[in-house]
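Here are the chains, one letter per residue:
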Amino acid sequence: MMRGVYFEKHGDIKEVLKLGDIPKPLETDLAPGELLIQVYAGALNPADYKSVGGESKLLIKFQWPRQYGFDFSGKVIGINTSNAFQPDYTGSKTKLDQSAIEASARFAIGDKVFGMIGCLPMKHRGTIAEFLIVEADMCAKCPPNLSHIECSAVPLVALTADLMLSSCKVAKCEKILVLGGSGGVGSFAIQLAKSRGFHVTTTASPRKTQLLVDLGCDEVVDYSKDSFQKFLEESKDTFDIILDCVGDAAKCVVLLKEGGSMASIQAGVTQSTLVNWLKQNKLGQEGQVTRGVPGFLNSRMGCLVGLFTGGWSLEKAVKAKKADFSSVIATGNGEKLEVIAKQLHQGDLKPVIDRVFKFNDALDAIFYHKAGRLEKVGKIVVEIVSEED
């Protein structure tokens, strides 16, 4: 057995989350191309507690108990580089993952690695625990100048920021607006945008201004009601790209230039968003998607997703400005993480950490994370094992 944060049914985090003993993954549980990781640190994301609440329960068939968390940094203690399932295999997979098998050759026992699980958290695959299993193509080696705590704060938010930027297709970009620059995704979006030479404006409370300026932001707009309303009125048709990290996309369409591009992680999930997510998600490859869901999403009826999420109206408003809109959900990606790792090593990117909790206080960290999202700056990290140990 091992210790970890887990839940046995969906519900409110204060009612269903537990920190206790759960089944420890063994080397015989590793499918070809998978790594067994001793976790040193795990970072928290809103996707974590949304998953506990059952956000994807209609889409996915889960293995229980579900573990908590997407992001991790740790040490490789087991590798399966074989090209076939072994007779003593005790895991749940039934299909070979060639991408993971090829990637497994890049790692050795003892390597310090960081990553984001290639699925939704479930048994053996959650990061606020002593050990986990992950596909090798979801990982990259840690930059030598960063600690496990720092590395764990990177994967989901950096990959999401990168995907938001890459989904925005414009002929020329000079000005970019990041809505919610002080959060995990926003802080990386600012840095990635500045690295590409863009003029960056962001929204935040006044007390966070200096941090955002230090990250390279050119202008910080106070998001309090009166100040933000004035900004909306005075900055129409100003920005080539808008990255929405907080759900304000609809009210900010007026700020987008004709021919511009908008991406959001909080507003307007569309049919194509979910289709792409299921394709990229390791769960979809294993047949763990609820029966009938892929057929519905790939049918003409799948467009109804946008009716219920607001994606339809948001796309319509953006298209009226001859611009385009993307709803973004990132998944694990080791190749992109390798690029990000180089930028971290060179000092071009840096994680922003609000607070670090000890493993014994993991539930307090999760409750603090959800309750204080508007007040915190950057990431909340749970240290599972001290690097001095």
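Everything below is about the structure printed above this text.
Quick look at the structure, then. (Residues numbered from 1 in each chain as written. Predicted model: local features only at pLDDT ≥ 70, side-chain atom pairs only at ≥ 80, totals over all residues. Heavy atoms only, no water.)

## Concerning the sheet that holds strand S13 (residues 256-264)
Note the following rule: Here the rule is simple: two strands pair whenever DSSP picks up at least two bridges between them. Secondary structure is summarised from DSSP: a helix means a run of H or I of at least four residues, a strand means a run of E of at least two, and numbering begins at the N terminus for each. Structural elements are reduced to axes, namely lines fitted to C-alpha atoms, with helices fitted over the stretch in contact, and the angle between N-to-C directions of any two is expressed from 0 to 180 degrees. Contacts were defined at the residue level, with two residues in contact if any of their heavy atoms lie within 4.5 Å.
Read from one edge of the open sheet, 6 strands run S11-S10-S9-S12-S13-S14, paired in parallel fashion. In this open sheet, the two edge strands, each paired with only one partner strand, are strand S11 (219-222) and strand S14 (324-327). In this sheet, neighbouring strand axes are inclined to one another by 15 degrees on average, regardless of whether the strands run parallel or antiparallel. Sheet topology note: the strand S9 (residues 175-179)/strand S10 (residues 199-204) ladder contains 4 bridges and is parallel. Opposite Val-178, over in S10, you have Thr-202 as the bridge partner. Each of S9, strand S12 (239-244), S13 and S14 touches helix H5 (residues 155-167); the most contacted strand, S13, lies at about 150 degrees to it.

## Digging into the side chain of Lys-379
We apply this condition: Residue burial is assigned from relative accessible area. The probe radius is 1.4 Å, only protein chains are included, and a residue is buried under 20% of its type maximum, exposed over 50%, and partly exposed in between. We define a polar contact as two N or O atoms separated by no more than 3.5 Å, with the added condition that, inside protein, one atom must be a possible hydrogen donor and the other a possible acceptor, whereas residues neighbouring each other in sequence contribute only through side-chain atom pairs.
For Lys-379, the position within the fold is in strand S16 (residues 379-383). Taking relative accessible area as the criterion, Lys-379 reaches 4% and is therefore assigned buried. A distance of 2.4 Å separates the side chain of Lys-379 from the side chain of Asn-45, its partner in a polar contact. With residues up to four places along the chain from it excluded, the contact list for Lys-379 reads Ala-43, Leu-44, Asn-45, Asp-71, Ala-153, Val-157, Gly-184, Val-352, Ile-353, Asp-354 and Arg-355.

## Topic: helix H14 (residues 334-346)
In plain terms, the rule: Multiplying 1.5 Å by the helix residue count minus one yields the expected span of that helix. Read the arc as the range of directions from the helix axis to the C-beta atoms.
Helix length check: H14, at 13 residues, gives a terminal C-alpha distance of 18 Å against a target of 18 Å (1.5 Å per residue), a fit within 8%. If you check which residues of H14 are buried, you get Gly-334, Leu-337, Ile-340, Ala-341, Gln-343 and Leu-344. Here the buried residues of H14 occupy an arc of 165 degrees about the axis, which is enough to place them on one side. Along H14, exposed side chains directed more than 90 degrees from the buried face belong to Glu-335, Lys-342 and Gln-346. Packing partners of the buried residues in H14 comprise strand S6 (112-116), strand S8 (139-141), H5 and helix H6 (184-195). Sitting at the amino-terminal end of H14 is Asn-333, which places a side-chain oxygen 3.2 Å from the backbone nitrogen of Glu-335.

## A word on the sheet that holds strand S1 (residues 2-7)
Strand order in the open sheet formed by 3 strands is S2-S1-S4, with antiparallel pairing between adjacent strands. At either end of the open sheet lies a strand with only one pairing partner, and these are strand S2 (18-22) and strand S4 (66-67). Two strands pair when backbone bridges link them, and S1 and S4 are joined in this way by 2 bridges, in the antiparallel orientation. What sits directly across from Tyr-6, in S4, is Gln-67.

## Quick look at the side chain of Ser-326
As for its placement among the helices and strands, Ser-326 is situated in strand S14. Its relative accessible area of 18% is what places Ser-326 among the buried residues. In this structure Ser-326 touches Ser-167, Met-262, Ala-263 and Ser-264, once residues within four positions along its chain are discounted.

## Topic: the nonpolar core
Condition: Only buried residues count toward a nonpolar core. Its members are Ala, Val, Leu, Ile, Met, Phe, Trp, Tyr and Cys residues joined through side-chain atoms within 4.5 Å.
Counting 53 residues, the largest nonpolar core has Phe-114, Ile-176, Val-200, Leu-243 and Ile-340 as the members making the most contacts within it. Looking at this core, the elements with two or more residues in it are S6, H5, S9, H6, S10, S12, helix H9 (271-280) and H14. Here this core takes 7 residues from H5, the largest share from any one element. Sequence-distant contacts of Ile-340, that is, excluding residues within four places in its chain, are made with Val-154, Ala-158, Leu-159 and Leu-349. Val-5, Leu-17, Leu-35 and Phe-357 belong to the second-largest nonpolar core, a separate cluster that totals 33 residues.

## Some thoughts on the packing of H5 against H14
Counted only if it meets this: We call two directions roughly parallel when the angle between them is under 35 degrees, roughly antiparallel when it is over 145, roughly perpendicular when it lies between 65 and 115, and oblique otherwise. Three categories are distinguished: nonpolar for Ala, Val, Leu, Ile, Met, Phe, Trp, Tyr, Cys and Pro, charged for Asp, Glu, Lys and Arg, and polar for the others, with Gly belonging to the last.
The geometry of H5 relative to H14 is characterised by a closest axis approach of 10 Å and an angle of 100 degrees between their N-to-C directions. With respect to each other, H5 and H14 are oriented roughly perpendicular. On H14, the residues that touch Pro-155, Ala-158, Leu-159, Asp-162 and Leu-163 of H5 are Lys-336, Leu-337 and Ile-340. Here the residues of the contact of H5 with H14 are counted per class, giving 6 nonpolar, no polar and 2 charged.

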